[in-house]
Amino acid sequence: MPSVGEIMESMEYGPATEDASAVRDWLASRGSFGHFIAGRFTKPGETFATRDPSTGAELAQISQGTDRDVAKAVRAARRAARGWAAMAGHDRARFLYAIARTIQKRERFLSVLETLDNGKPIRESRDIDVPLVVRHFYHHAGWAELAASEFPGHTPLGVCGQIIPWNFPLLMLAWKVAPALAAGNTVVLKPAEYTPLTALAFAEICAHVGLPAGVVNIVTGDGETGAALVGSPVDKIAFTGSTEVGRGIARALAGTGRKLTLELGGKSPFIVMPDADLDAAVEGVVDSIWFNQGQVCCAGSRILVAESVAERFETLLHRRMERLRVGPPLDKSTDIGAIVDPVQKERIMSILGEATREGAVLVGGQPQQGCFIAPGYLKNIAPANPGMRQEIFGPIATLSTFRTPDEAVDLANNTAYGLAASVWSESATVATDLASKIKAGVVWVNCANIFDAGAPFGGVRDSGYGREGGREGMLDYLAAPATTVVRDPAPGAISAMPNGAAGDGEGIDRTVKLYIGGAQKRPDGGASYSAQDELIPLGGRKDIRNAVEAAQGALGKWQGLGGHGRAQVLYFLAENLGLRRSEFAGFASADEVEATIRRCFFYAAHADKFDGATVSAKPGHLTHVQPEPQGVMGIIAPNGAPLAGLMSLVLPAIAMGNAVVAIPSQDQPMAALTLAQVLACSDVPGGVVNIVTGPREELGRALASHDGVNAIWQVGDGAGRTAIEQAAAQTLIPVWSPDHRDWSDANAQGRAFLRAASRTKTIWLPYGALPAGTGSSAY
């Protein structure tokens, strides 16, 4: 044993193991766990073991949920839904407050239980996870109290199915359960197979505070249990997990009308600029990729360092990495705990093997006895290397360099994912410029892995869609105010034959064309179909491709105009529409023309007023929630209301800075094709609005399967909607399906359209010096 003098010389920590006896006694007293359904635990059925990843020792026997168990839980949630939704917001707030207080009272117990089941260091469970769990329930107690006034006309969705991962078991539960309950929904939650224990302890807390039976139900099991929940008659699925499973869930829900939010994988960039505080940036790496053994979907796993400081940075990084302690998770001096399961350890080592075989050099990252891997990073790694492309989900980063800020942005965005990013620079101008250009739902400036219940979290592209936390997270658990649904007439059959009507023989024959990139274009296939006594260009897949490329090319200029510039264009468009009322009279009603002019004014007014917000989150951080354009939007307009129906969708999209590819009414396309001439003379840049006529469903599927499209709006239901949503599931494009309505009416415009035309980016910027005590975990 070292002497005190030796310890003072080395400054090494001695063992400081957290006492786990209370948790072990609780586990021994429970034995095998059943499910928590309708306010009580069921008798255990077929069971499996959950184990301590650090030792492999069995902790408890957990019931494997069956289709019958899931159905029973959903029925219990459905029975409870009406009463819970009808309960006053204040009364729901009291329950959420009671849950928060009870978790606080049991925070040591829950921290130890989480560490035993998951393998993460007790410091992280105790100082980060559990305090954030408490924060979420307090925060959403507030939303329950305020929901009626803050979200007027909105109603609960009903029963929410929630599936959470194993990396933050209790925290992910809080992220999902708290907003669902605050909004008035009931819940059926499936925790991860590896880490169900804190969810079961939470069930006891729900019973302890007297939460009405059936409001929260917890069914344990593996992926089959999750699949049964996805296939059950719930009103929403909220899923956090792998991208591939997320795609499967999106396909399963296509055409069902059920709401879906997905928080999926990530390969987040960690950018170190030449002027960065390198010591602080190294600590940021520790907090990012080596936090929770790198088992973090938003971890800064791709370190990108300015070439001019790369050598110095790597020296500091390597020195810091060597001092990280890998060891027993219950030891309070441990930095890196256990990987959650041997299967996951094998997967990590397999990816590292592939990466090194293809030329990367692994520094550190060696496997250790049991479920442990030392922290490390891959250097000399090519962009196509598996270690650079795949989500390793372990304590291994990649390290590469860049020369210019533009190259840093290009490298940062060179991924299918878009969950988070971290930017390090002493220049606020440089940092915020990069933050605006990086394609991610969350950007941390001079910090990493900062979370708060008031700050929305979620991704773009293969990292999913939807948000958790804050106002945006609440809206994803609420149904918008109802509208009066009007039946949209089904499109007729496409026919290339003229209708046989005789012309008057006067005037010059009119030739109508597609509108792509600001020019009128013949369809690629050279075909046409008959509609409204005209031969209409019959667009196809290649025309959609050309339109998407034109829209992508127009985004920079259109967004660069800013809200005020876009507003001027929309006002000018209204002016020109007004001058050409008579021309549209043959293709749309007077009410539609007037409504379209009003829409131009309404969305011009909103173009520079749909603002972001600085939210109250952690002290010492400016936390800004900024709405951003979706990008290229595919719009499948209703078949009825050929002008107002189309423009009620196009106008909010372009007002927010998007470019659109629109498929107008199949049976009445002439209003849209005439509109192309008005767009061309109203200063709308070429490519901002593209119009492709033809079969709605076929063209819609082409749009939804194009990976250059960022969002789809589709009016309609039935088989056509299902096919489009299935195509969008593969590309993970969010689909919004507003009901067909009277598009000339006032309820065909509003903030719901603006919100669907944008997505939020949460930017964290620390400032000043924290007052004493405000940085604690219990703030």
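Small disclaimer: the values here were computed from a predicted structure and weren't measured.

Draft legend 1. Spatial organisation of empty space enclosed by the protein. Applying the stated criterion across every chain yields a total of 5 cavities of 30 Å³ or more. Taken as a whole, the largest cavity holds about 90 Å³ of empty space. Lining the largest cavity are 13 residues, with Phe168, Met172, Trp175, Cys297 and Phe451 positioned closest to its centre. Per-element accounting of the lining of the largest cavity gives the leading share, 3 residues, to helix H7 (residues 169-182). Among the residues making up the lining of the largest cavity, the classes are represented as 10 nonpolar, 2 polar and 1 charged.

Draft legend 2. Structural view of the sheet that holds strand S5 (residues 58-63). Here 3 strands make up an open sheet; going across it, the order is S1-S5-S4 and the pairing mixed. Because the sheet does not close on itself, it has two edges, and the strands there are strand S1 (32-33) and strand S4 (47-51). Alignment of S4 against S5, held across 5 bridges, turns out to be antiparallel. By the bridge assignment for S5, phenylalanine 48 is matched with isoleucine 62.

Draft legend 3. Looking closely at the pattern of salt bridges. On inspection of all chains with the given rule, the structure shows 23 salt bridges. For lysine 542, the salt bridge identified is with aspartate 524, shortest N-O distance 3.5 Å. Note that lysine 542 is positioned in helix H18 (residues 541-560) and aspartate 524 in the loop between strand S24 (519-521) and strand S25 (528-531), a separation of 18 residues in sequence. What makes lysine 542 partly exposed here is its relative accessible area of 37%. Overall, aspartate 524 belongs to the partly exposed group, its relative accessible area being 44%.

Draft legend 4. Broad picture of the packing of aromatic side chains. Under the definition given, this model contains 20 aromatic pairs. Between the aromatic rings of tryptophan 713 and phenylalanine 753, the centroid separation amounts to 6.4 Å while the plane-to-plane angle is 70°, which identifies the pairing as edge-to-face. Placement of the pair is tryptophan 713 in strand S32 (residues 711-714) and phenylalanine 753 in helix H26 (residues 751-756), with a sequence separation of 40 residues. Accessibility assignment for this pair places tryptophan 713 and phenylalanine 753 in one class, buried.

The rules behind these values
Residues numbered from 1 in each chain as written. Predicted model: local features only at pLDDT ≥ 70, side-chain atom pairs only at ≥ 80, totals over all residues. Heavy atoms only, no water. 1 Å grid on protein atoms, 1.4 Å probe; cavity = no way out; pocket = protein on both sides within 12 Å on 5 of 7 lines; lining within 4 Å. Points joined across faces, edges and corners; volume = space filled by probe spheres on them. Helix = DSSP H or I, 4+ residues; strand = E, 2+ residues; numbered from the N terminus. Nonpolar A, V, L, I, M, F, W, Y, C, P; charged D, E, K, R; others polar. Pairing = 2+ DSSP bridges. Salt bridge = Lys/Arg side-chain N within 4 Å of Asp/Glu carboxyl O. Buried < 20%, exposed > 50% of the residue type's maximum accessible area, 1.4 Å probe, protein only. Phe/Tyr/Trp six-rings, centres within 6.5 Å; stacked < 30°, edge-to-face > 60°.

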